[in-house]
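# What the coordinates show
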Amino acid sequence: MKIKCVILDWGGVCDPKSAIDILLDYISKKYKIPLKNAKEIWDAHNMDYLLGKEEGKIFWKRYFKELGIPMTYRDVKKFFREGGADQRILNIAKALKEKYTTILLSDNFKERTDFIKKRYNLKEIFDICIFSNEVGLKKPQREIFELVLKKAKCLPQECIYFDDLQKNVEEANKLGIVAIKFISYEKLKEELELRRVL
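What comes next concerns the included structure.

So, how was this worked out
Residues numbered from 1 in each chain as written. Predicted model: local features only at pLDDT ≥ 70, side-chain atom pairs only at ≥ 80, totals over all residues. Heavy atoms only, no water. Helix = DSSP H or I, 4+ residues; strand = E, 2+ residues; numbered from the N terminus. Rg over C-alpha atoms; globule rule 2.2 N^0.38 Å. Buried < 20%, exposed > 50% of the residue type's maximum accessible area, 1.4 Å probe, protein only. Contact = heavy atoms within 4.5 Å. Areas by Shrake-Rupley, 256 points an atom, 1.4 Å probe, with all protein chains shown as cover. Lys, Arg positive; Asp, Glu negative; His and termini not counted. Charge placed at Lys NZ, Arg CZ, Asp CG, Glu CD. Phe/Tyr/Trp six-rings, centres within 6.5 Å; stacked < 30°, edge-to-face > 60°. Patch = residues over 30% accessible without salt bridge, like charges linked within 9 Å, V, L, I, M, F, W, Y side chains within 5 Å. Salt bridge = Lys/Arg side-chain N within 4 Å of Asp/Glu carboxyl O. Core = buried A, V, L, I, M, F, W, Y, C linked by side-chain atoms within 4.5 Å. Disulfide = S-S within 2.5 Å.

All right, on to the overall build of the protein then. A count of helices and strands for the protein gives twelve helices and five strands. The C-alpha radius of gyration of the protein comes to 17 Å, within 12% of the 16 Å expected for a compact globule of 198 residues. Along the first, second and third principal axes, the C-alpha set of the protein runs to 55 × 30 × 30 Å. By the burial criterion, 50% of the 198 residues in the protein qualify as buried. Taking all contacts inside the protein whose residues are at least 6 apart in sequence as the whole, residues at least 24 apart take part in 67%. In the structure as shown, the protein presents an accessible area of about 10,500 Å², 49% of it carried by carbon and sulfur atoms. Of the charged side chains in the protein, 40 are positive and 31 negative, and the gap between their average positions amounts to 3 Å.

Here is the structure:
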C-alpha cells in the first residue's frame, strides 16, 4: 500500500542526543552515580511528568531526593535547552511535507516541549505535532498511536514511523504501522528511498 504519512520521533531521531540523556550523563559523572541507576529511576518516576500531570519543580525535587544528590530545579533548567536537531532530518521532513502528511510524535515534558516549539518552526516542518505532555498519552501506549492515525486520517499501513526505541516500534507494528527502529540519518534516508517515499 502507498505511504501517505511519515511519523518521526524527536529525541533520538530528529534530535540525536536527547536533553534527558545529556542531563543523566552529567549527573552520573558529577555525582559518581552509575548511569544505569540514574536512567532506571528516571524511567520509574517520569510517567506523570511526561503526561503533563506533574509540574517540573515537583518531579525534579522528588527525582533528586531519590538519587540523594543536592541538585535543584534551577540547576536542571539549563539542560532543557540542550541537544540540537539534526538539520538533515528536519530538511527531509520539510521536503516530505509537500507530498505527505508529516507528524512529530514525542514523549516530552512541558519545559522541553516549550523550548522545542520556540527554537524550531515546527509548523513549517510538520503538519501535526503530538507531545505526550499535551495529549496525556505516551509511547508505547496503543492509544497514542490510535490518536496519530486519527489525526493523520490514514490507515496504519499507509504510515511509516521512525523511533529509536524498540518497544515503541514493536507496539506501532502491532497496529499495522510500518515502524522502523531509527539507527542513523543515512539509514532513515535509505528506508525512505527504498519505499519510494523520498
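Glancing now at the packing of aromatic side chains. Evaluation of the coordinates by the stated rule reveals 19 aromatic pairs. For the ring pair Y49 and W60, a centre distance of 5.9 Å and an interplane angle of 85 degrees mean the geometry is edge-to-face. Remark: W60 occurs in helix α4 (residues 56-67) and Y49 occurs in helix α3 (residues 47-50); sequence separation between them is eleven residues. For the residue pair Y49 and W60, the accessibility class agrees, reading buried in each case.

Further remarks concern a positive patch on the surface. A cluster of basic residues, K57, R74, K77 and R81, forms a positive patch at the surface. Its place among the elements puts R81 in the loop between α5 (73-77) and α6 (87-96).

Glancing now at the environment of E82. Looking at where E82 falls in the secondary structure, it is placed in the loop between α5 and α6. Since its relative accessible area comes to 31%, E82 is described here as partly exposed. Counting along the chain gives 56 residues from E82 to K138, while the straight-line C-alpha distance between them is 22 Å.

Turning to the pattern of salt bridges, a few remarks are in order. For the structure shown, the criterion picks out 18 salt bridges. Notably, a salt bridge pairs K97 with D127, separated by 3.6 Å at the nearest N-O pair. Taken together, the residues K97 in the loop between α6 and β2 (101-106) and D127 in the loop between α8 (122-125) and β3 (128-131) connect sequence positions 30 residues apart. Overall, D127 belongs to the partly exposed group, its relative accessible area being 39%.

Attention now moves to the nonpolar core. Residues L8 and W10 are the most contacted members of the largest nonpolar core, which totals 28 residues. The greatest single-element share of this core, amounting to five residues, is contributed by α6. With sequence-adjacent residues up to four places away left out, W10 is seen in contact with D15, A85, L90, L104, L105, S106, N108, R112, I116, Y120 and L122. Core analysis: the next-biggest nonpolar cluster, separate from the first, contains 23 residues, I33, Y63, F64 and F80 among them.

Turning our attention to the state of the cysteines. Overall, the coordinates contain zero disulfides when judged by the stated rule. In this structure C14 is not part of a disulfide, and its nearest cysteine sulfur, from C129, lies 9.5 Å away. With a relative accessible area of 0%, C14 lands in the buried category. Its sulfur unpaired, C154 is 4.6 Å from the next cysteine sulfur, which belongs to C159. Owing to a relative accessible area of 12%, C154 belongs among the buried residues under this scheme.

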